[in-house]
There are 2 protein chains.
Amino acid sequence: MSKEKQFVTEITPQGEDFSRWYIDVIKKAELMDYSPVRGCIVFRPEGFALWENIQSDLDRRFKETGHRNAYFPLFIPESFFQKEKEHVEGFNPELPWVTEAGGEKLEERLAIRPTSETIIGHMYSKWIQSYRDLPVLINQWANVVRWEKRTLPFLRTSEFLWQEGHTAHETEEEARQETMQMLNTYKEFAEEVLAIPVIVGQKTPSERFAGAVDTYSIEAMMKDGRAVQAGTSHYLGDKFAIAFDIKYLDRNNTLQYCHTTSWGVSTRLIGALIMVHGDDRGLALPPKIAPTQVVMIPIGPPKTREQVVGRVDELFAQLKKAGVRVKVDDRSDVSPGWKFNEYEMRGVPIRLELGPRDMENGQAVLVSRISGEKRIIQQDQLLEEVQRMLDEIHADMYNRALQFRSEHFYSVETLDEMKTLLEEKRGFSLAGWCGSDACEKQVKEETGATSRNIPFDPAEKKTKCLCCGEEAQHTVVFARAY
Amino acid sequence: MSKEKQFVTEITPQGEDFSRWYIDVIKKAELMDYSPVRGCIVFRPEGFALWENIQSDLDRRFKETGHRNAYFPLFIPESFFQKEKEHVEGFNPELPWVTEAGGEKLEERLAIRPTSETIIGHMYSKWIQSYRDLPVLINQWANVVRWEKRTLPFLRTSEFLWQEGHTAHETEEEARQETMQMLNTYKEFAEEVLAIPVIVGQKTPSERFAGAVDTYSIEAMMKDGRAVQAGTSHYLGDKFAIAFDIKYLDRNNTLQYCHTTSWGVSTRLIGALIMVHGDDRGLALPPKIAPTQVVMIPIGPPKTREQVVGRVDELFAQLKKAGVRVKVDDRSDVSPGWKFNEYEMRGVPIRLELGPRDMENGQAVLVSRISGEKRIIQQDQLLEEVQRMLDEIHADMYNRALQFRSEHFYSVETLDEMKTLLEEKRGFSLAGWCGSDACEKQVKEETGATSRNIPFDPAEKKTKCLCCGEEAQHTVVFARAY
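Residues numbered from 1 in each chain as written. Chains lettered and ligands numbered in written order. Predicted model: local features only at pLDDT ≥ 70, side-chain atom pairs only at ≥ 80, totals over all residues. Heavy atoms only, no water.

As recorded by an unreviewed UniProt entry, chain A carries the name Proline--tRNA ligase and is attributed to Paenibacillus methanolicus. Of chain A, the UniProt comment under Subcellular location (unreviewed entry) reads exactly: "Cytoplasm". Of the comments in the UniProt record for chain A, the one headed Function (unreviewed entry) reads "Catalyzes the attachment of proline to tRNA(Pro) in a two-step reaction: proline is first activated by ATP to form Pro-AMP and then transferred to the acceptor end of tRNA(Pro)." (UniProt positions renumbered as here; feature names shortened; annotations may be inferred.)

Written as structure tokens, this is what we have:
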């Protein structure tokens, strides 16, 4: 325990220093550790388990929509990047280069993939010949590297883990449908699994993926009012098809370029769910991805201990059999109170307490990590009660996040108004935008807030640009972002 | 179909050219494709699905034995390799180096991990302080790179996918138990899931993992008589603990070095199962990892088609609901006969045929990919019959592989005997060895065969060294290997 104990020492309160709170929590909960490689973290088992649960749920959704997984090389020849102008401009500054291998200097430098449109495009051009070969619906789970100047665990690391979907289609319409389908898959996943409400919309041209025709995103609000882009889906038009010669013979036997898409989410989702749900007691994990959903803690005097622990083990077996991710902590060298703090800090959704009196009454106590509500339940209804409470906790977490977001979502008319708001309060601003890069740039320079996206269904339609006062072309969500 | 059709063109017979057979099969079955990066392949969906099934079964076995997954950085600082002398000597020649990143030259070169003992050892030294922190039982699923001169899809590629387990323990005894437990896990997996019989034993010193005290392996025989090392488990002693300062306070409050292990299997298992089970008709996939276990093909004249297809879809739903990986091919633009060849080439274990007469009789026909046996079954017993046949096919595949191995396993007394055997026949040789590097080296030079391992239970104990004729210290399996 020597090491464990130190983890229940103080966590910096969110109100005092949110960034320090974040680092304190992820270190104390043993989600990650810094590595000796600049900007790269180690995903410790407690942190990686979150990613495994995210992966398995998303992977099921991808396969249900007809996608299959594949794996493409980590290395991308330098010449490949030159083929799509905007793409190379966007990614070149962030690329690590392999220049030597096997004791020899390489004739052509190899980039470590920052994303795989180029090498996958090259392969698709070999695999696709006829409309009969379409659509191609492939996803890849992989590590990617973007050499970042400023890094933050999970949210921005030089190496990170992600999935990247890459699809090729006959028509623009079909490709756009795919782009929207996957964007919606991300939205549903964020809400149904991570309990994170998201704003769904289109990126402004300046925030587009390098090489995309249109980029769409889901944006989430952290508890410090900043935004995290939680997932993106891109319609690439025929730009990569032209760059990599992805052609097919259509139904009239004429050669056409494919329309392609790409879409991805990454391990930054772990950072997002921590910053959305965590509190001054530590982590608060959404039940659907919590590595441990229920922790069972026997209580009471030593003389009753054996009997209580025996019953706890029986109940443990019941829950485990039913697929609940449950754990027993029957250590006798730490107090129940210490354990309560420990598992609250680690964000376990439900704590089950069982003591001598509960034994007599055939009862047990369930405690919610979120509301702190204590519920006395009958042991013979344990499974139903646990499942009900897990569902309630998920809904509770989602509603609290939604509540927080609406309380920190402002409708602004002018740049000054937005500045004042951002100085006094945390949050997102909804504002009109004339569509000019100049105005968008000025907002960024004067407030540090960037356009997050143009929401599909804004609370209201803005009519004037917050910057130049001209007629608004779009209603945009602006926020400082991670 | 245009592209599909070309896949049922001739496959080079194994007897004519085994290597060409292998490449023909994996290309035609769309398991892989060559990439523009030297020595790196693309795992196409049909090939990657095999890895996904291997992964999910092994991952369950690892977790059942108390291991958890984590993820460590892709990059390893050059200085880390210098810390374990044998390790650096073993891997240096194969390392790719990142020398530039983000537009700047790096102060210290970063290697792409060929294996992660060094960086994981570094982290363990931070995490482990007391015996209470032990054992540490972590596994990582990752891509690794070893710059290979000669490559062969799946069996030897510059980048490959694998799992690497890394554990730390209080005592040598406990660490050696872990080493053996994981070796045995690999043996059971190879036999129970891949239907591959393996020879379990210890590597000779010259074949040890760079930096290990003892290396153990499972070795499988391919249909050309060559060996594939299908998995290794290493007892690392305290060598990496000393190199990376992994110390703990023991129960008597004195500082001790940990005893560590590592163990791994890789995507070469895909190559092995193809070379063990495939035949001149193409792939033959073990039912437990076949992406498609049953392919359902409606047959009969067009006028009966709709009715037959309707019934096929009902049966499909039954099997799918029961968790059978099943697929329907009701395309009307290719003949049943063409489909039969296609799915035999792709190695689908069971073909289900349903025609008008079967409809009348409430029957269906199951055909085994391995034996070709046709079994007429009652539709109302479909699930039981399919599950029984899948089990029989697994046993059949295992027994055929075992039979082939015993027919190509020779007991030899002298080097000349072994030479003659290897010239006339394919296979493994069991021979005595005095234990000297010189003799082992001579065997390799004169026969091209290497010592695979010292089997735990050899068919017989050899008394004389095949090379020098001195007393044998060990009975060794020799073979040419991939």
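That was the structure; now back to the text.
Chemist: I'd like to hear about the overall build of chain A, residue by residue, with values.
Modeler: Across its full length, chain A carries 15 helices and 23 strands. Here chain A has a C-alpha radius of gyration of 25 Å; the compact-globule value for 482 residues is 23 Å, and the two agree. The buried share of chain A, taken over its 482 residues, is 61%. Taking the intrachain contacts of chain A between residues at least 6 apart in sequence as the baseline, contacts between residues at least 24 apart amount to 69%. With an accessible surface of roughly 18800 Å², chain A has 47% of that area assigned to carbon and sulfur atoms. Of note, chain A has its 62 positive side-chain charges centred 3 Å away from the centre of its 75 negative side-chain charges. (Helix = DSSP H or I, 4+ residues; strand = E, 2+ residues; numbered from the N terminus. Rg over C-alpha atoms; globule rule 2.2 N^0.38 Å. Buried < 20%, exposed > 50% of the residue type's maximum accessible area, 1.4 Å probe, protein only. Contact = heavy atoms within 4.5 Å. Areas by Shrake-Rupley, 256 points an atom, 1.4 Å probe, with all protein chains shown as cover. Lys, Arg positive; Asp, Glu negative; His and termini not counted. Charge placed at Lys NZ, Arg CZ, Asp CG, Glu CD.)

Chemist: Any details on the sheet that holds strand β5 (residues 96-101) of chain A? Residues and values, ideally.
Modeler: Strand order in the open sheet made by the six strands is β4(A)-β6(A)-β5(A)-β5(B)-β6(B)-β4(B), with antiparallel pairing throughout. Strands with a single pairing partner mark the edges of an open sheet, and in this sheet they are β4 (75-77) of chain A together with β4 (75-77) of chain B. The mean inter-strand angle of the sheet, taken between neighbouring strand axes irrespective of direction, is 45 degrees. Sheet analysis places β5(A) next to strand β5 (residues 96-101) of chain B, joined by five bridges and oriented antiparallel. (Pairing = 2+ DSSP bridges. Axes fitted to C-alpha atoms, helices over the stretch in contact; angles between N-to-C directions.)

Chemist: Give a detailed account of the domain arrangement of chain A, specifying residues and quantitative values.
Modeler: Interfaces are often sized by the accessible area lost when the parts come together. Residues and elements named next belong to chain A. As assigned here, chain A comprises domain 1 (18-277), domain 2 (294-392) and domain 3 (409-479). A straight line from the C-alpha centre of domain 1 to that of domain 3 covers 27 Å. Taken together, the contact between domain 1 and domain 3 spans 22 residues of the former and 15 residues of the latter. Carbon and sulfur atoms make up 62% of the surface buried where domain 1 meets domain 3, a total of about 1500 Å² over both sides. When the buried area of domain 1 at its contact with domain 3 is split by residue, Ile199, Thr204 and Met221 rank highest and sum to 31% of it. A salt bridge links Glu219 to Arg452; the shortest N-O distance between them is 3.0 Å. At the boundary of domain 1 and domain 3, one finds ten residue pairs in polar contact (both at pLDDT 80 or more). (Domains from an automatic or database assignment. Buried area = accessible area lost by both parts, 1.4 Å probe. Salt bridge = Lys/Arg side-chain N within 4 Å of Asp/Glu carboxyl O. Polar contact = N/O pair within 3.5 Å; in protein donor to acceptor, adjacent residues only side chain to side chain.)

Chemist: Report on the packing of helix α2 (residues 18-28) of chain A against helix α9 (residues 268-277) of chain A, specifying residues and quantitative values.
Modeler: Residue and element names in this part refer to chain A. Across the interface, α2 lies against α9 with an axial gap of 11 Å and an inter-helix angle of 115 degrees. Between α2 and α9 the crossing geometry is right-handed. Counted together, Phe18, Trp21, Tyr22 and Ile26 of α2 and Gly271, Ile274 and Met275 of α9 form the full contact between these two elements. Its residues assigned to classes, the contact of α2 with α9 comprises six nonpolar, one polar and no charged. (Left-handed = near helix turned anticlockwise from the far one by under 90°. Nonpolar A, V, L, I, M, F, W, Y, C, P; charged D, E, K, R; others polar.)

Chemist: Quick rundown of the interface of chain A and chain B? Include the residues and the values.
Modeler: Residue-level contacts link 64 residues of chain A with 64 residues of chain B. Along the contact surface separating chain A from chain B lie eight salt bridges. The shortest N-O distance in the salt bridge between Glu100(A) and Arg109(B) comes to 2.6 Å. Applying the counting rule to chain A against chain B returns 26 residue pairs in polar contact (both at pLDDT 80 or more). Sorting elements by how many residues they give to the side of chain A that touches chain B places helix α3 (residues 45-64) of chain A first, with seven residues. Looking at side-chain class alone, the side of chain A that touches chain B contains 37 nonpolar, ten polar and 17 charged residues.

Chemist: Can you tell me about the packing of aromatic side chains, naming the residues and giving the values?
Modeler: Evaluation of the coordinates by the stated rule reveals 32 aromatic pairs over all chains. Centroid distance Phe80(A) to Phe244(A): 6.1 Å. Interplanar angle 40 degrees. Geometry classified as tilted. Pair noted here: Phe80(A) is in helix α4 (residues 78-82) and Phe244(A) is in helix α8 (residues 239-244), with a separation of 164 residues, a long-range link. Across the pair, Phe244(A) and Phe80(A) agree in class, each one buried. In textbook terms, an aromatic cluster arises when at least three aromatic residues are bridged by ring pairs, as seen for Trp51(A), Phe62(A), Trp141(A), Tyr186(A) and Trp263(A). Across from the ring centre of Trp127(B), 4.0 Å away, lies the NZ or CZ of Arg44(A), which sits over that ring. Here the guanidinium or amino end of Arg226(A) rests over the ring plane of Tyr482(A), the centre of that ring lying 5.4 Å away. (Phe/Tyr/Trp six-rings, centres within 6.5 Å; stacked < 30°, edge-to-face > 60°. Lys NZ or Arg CZ within 6 Å of the ring centre and 35° of its normal.)

Chemist: Outline the state of the cysteines, supporting the account with residue identities and numerical values.
Modeler: Residue and element names in this part refer to chain A. Tallied over the entire structure, the rule returns zero disulfides over all chains. Cys434 supplies the cysteine sulfur nearest to Cys439, a cysteine that is in no disulfide, at a spacing of 3.7 Å. Cys439 sits in the buried class, given a relative accessible area of 8%. (Disulfide = S-S within 2.5 Å.)

Chemist: Provide a residue-level description of the relation of the copies chain A and chain B, including the pertinent values.
Modeler: Two copies of a chain can be linked by a rotation about an axis combined with a shift along that same axis. When chain A is fitted onto chain B, the two copies agree to an RMSD of 0.0 Å after a turn of 180 degrees and an axial shift of 0.0 Å. Taken together, the rotation and translation describe the operation of a two-fold axis. Across chain A, the smallest distance between a C-alpha and the rotation axis is recorded for Val98(A), namely 2.1 Å. By residue overlap, the copies meet face to face through one surface: 100% of the interface positions of chain A are interface positions in chain B. (Least-squares fit on C-alpha atoms with pLDDT ≥ 70 in both.)

Chemist: Go over the environment of Phe48(A) with me, naming the residues and quoting the values.
Modeler: Relative to the elements of secondary structure, Phe48(A) occurs in helix α3. With relative accessibility at 8%, the residue Phe48(A) sits in the buried group. As a C-alpha pair, Phe48(A) and Thr261(A) span 213 residues in sequence and 28 Å in three-dimensional space. When neighbours within four sequence positions are excluded, Phe48(A) is seen to be in contact with Phe43(A), Leu161(A), Asn69(B), Ala70(B) and Tyr71(B).

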